[in-house]
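Listed below, chain by chain, are the residues.
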Amino acid sequence: MDDPILLQGPPVLGAIVAILAAIDAGFLARRIGTVRLRAYNKWYFYGLILVLVLSAVGIWETHTYRSFSVPSAGMVPALLPGDRFFVLKTAYRNAEPQSGDIIVAAKNDGFFVKRVVGVAGDRVQVIAGRLFINGAQIEREALGDFAFGDVHHTLYLEILPNGRRYRIVERSDHEFLDDTTEVTVPAGALFVMGDNRDNSMDSRVADFGLIPVGTVEGKAVFLTWARDWRRIGSKLE
């Protein structure tokens with residue numbers, strides 16, 4: 001089972017690389033004389049931009065955003081190993097997490113990322129691989145095969161009672177955590193699951209349990225880095 005303890009990632013890595021590349025290109029152009037440099041093509045100009053970017057993002061990380069990277073596969077397909085993403089720390093300043101939110105919370109001297117499927121008062125259970133909330137089976141639509149690793153997965157669209165839609169993957173409906181007892185979520189707690197349902201350590205496991213709302217760092221909002229560049233900037237649903 002996969003319990004991803006998140007790594008805090010450098011949120012401005014892309015900006016730093018881009019600025020350093022621009023500086024290097026400027027020096028190279030000067031050496032070979034291929035272009036006529038503009039007044040602003042000075043190393044100190046780009047250095048100033050770098051300082052301003054670092055300062056601005058540093059403020060965001062402290063008060064608004066925090067950056068994390070994903071080392072494991074518990075939240076596939078929303079988050080793949082190696083992805084970096086921003087967490088909005090102020091998302092729950094005046095509200096509590098809702099079912100369907102992807103949250104980051106503190107646990108065991110680290111952080112993990114999961115999806116909320118049950119809030120206070122909800123009765124949550126898994127029967128034969130299907131999620132039940134308050135005795136009702138949650139709607140699930142098969143979307144086809146999903147290629148990840150060497151194991152066959154099926155991709156599904158899951159729809160919660162509040163209308164939130166997101167994709168999950170399953171190996172089958174007969175895996176280790178596909179049958180659980182019903183749990184009633186108390187006030188101040190959350191029931192969370194990984195989107196990679198058969199490879200996630202989450203609230204279905206007694207040693208992991210329910211998550212205190214007070215440990216939630218914030219809401220995962222968008223990708224800042226992915227191996228597939230087309231996913232960069234994607235909103236996390």
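In this report, the structure presented in the accompanying data block is examined. (Residues numbered from 1 in each chain as written. Predicted model: local features only at pLDDT ≥ 70, side-chain atom pairs only at ≥ 80, totals over all residues. Heavy atoms only, no water.)

Turning to the overall build of the protein chain, a few remarks are in order. Summing up its helical and strand segments, the protein chain has 2 helices and 14 strands in all. Within the protein chain, the fraction of its 237 residues that count as buried is 45%. Relative to all contacts within the protein chain whose residues are 6 or more apart in sequence, the contacts with residues 24 or more apart total 60%. (Helix = DSSP H or I, 4+ residues; strand = E, 2+ residues; numbered from the N terminus. Buried < 20%, exposed > 50% of the residue type's maximum accessible area, 1.4 Å probe, protein only. Contact = heavy atoms within 4.5 Å.)

With that settled, consider the packing of aromatic side chains. Aromatic ring pairs are described here by two measures, namely the spacing of the ring centres and the angle between the planes. Evaluation of the coordinates by the stated rule reveals 6 aromatic pairs. Seen from their ring centres, F86 and F222 are 5.4 Å apart, and the 80 degrees between their planes marks the pair as edge-to-face. With F86 in strand β2 (residues 84-88) and F222 in strand β14 (residues 216-225), this residue pair connects regions lying 136 residues apart in the sequence. The partly exposed category is assigned to F222, whose relative accessible area is 27%. Each member of the aromatic cluster is reached from another via a ring pair, and the members are Y65, F86 and F222. Positioned above the aromatic ring of F208 is the side chain of K107, whose terminal nitrogen or guanidinium carbon lies 4.7 Å from the ring centre. (Phe/Tyr/Trp six-rings, centres within 6.5 Å; stacked < 30°, edge-to-face > 60°. Lys NZ or Arg CZ within 6 Å of the ring centre and 35° of its normal.)

Right, let's get into the sheet that holds strand β11 (residues 183-184). The strand order β7-β6-β5-β11 describes an open sheet built from 4 strands, whose pairing is antiparallel. Both edges of this open sheet fall to β7 (136-137) and β11, since each of them pairs with a single strand only. (Pairing = 2+ DSSP bridges.)

With that settled, the discussion passes to the pairing of strand β10 (residues 165-170). For strand β9 (residues 151-159) and β10, the ladder comprises 6 bridges, and the chain directions are antiparallel. When the bridges of β10 are listed, Y156 appears paired with I168. Here β9 folds back onto β10 in antiparallel fashion, the turn holding 5 residues, of which G163 has a positive phi close to 95 degrees.

Attention shifts here to the pairing of strand β12 (residues 189-193). With respect to burial, β12 is a largely interior element, 5 of its 5 residues being buried. A two-sided burial pattern is seen for β12, the buried positions comprising A189, F191 and M193 on one face and L190 and V192 on the other. Both strand β4 (residues 110-118) and β12 contribute to a ladder of 3 bridges, which runs antiparallel. The residue of β12 that forms the bridge with V116 is V192. With 2 bridges joining them, β12 and strand β13 (residues 211-212) adopt antiparallel strand pairing. Within β13, the residue paired with A189 across the bridge is P212.

What is shown is where atoms sit, not what they do.
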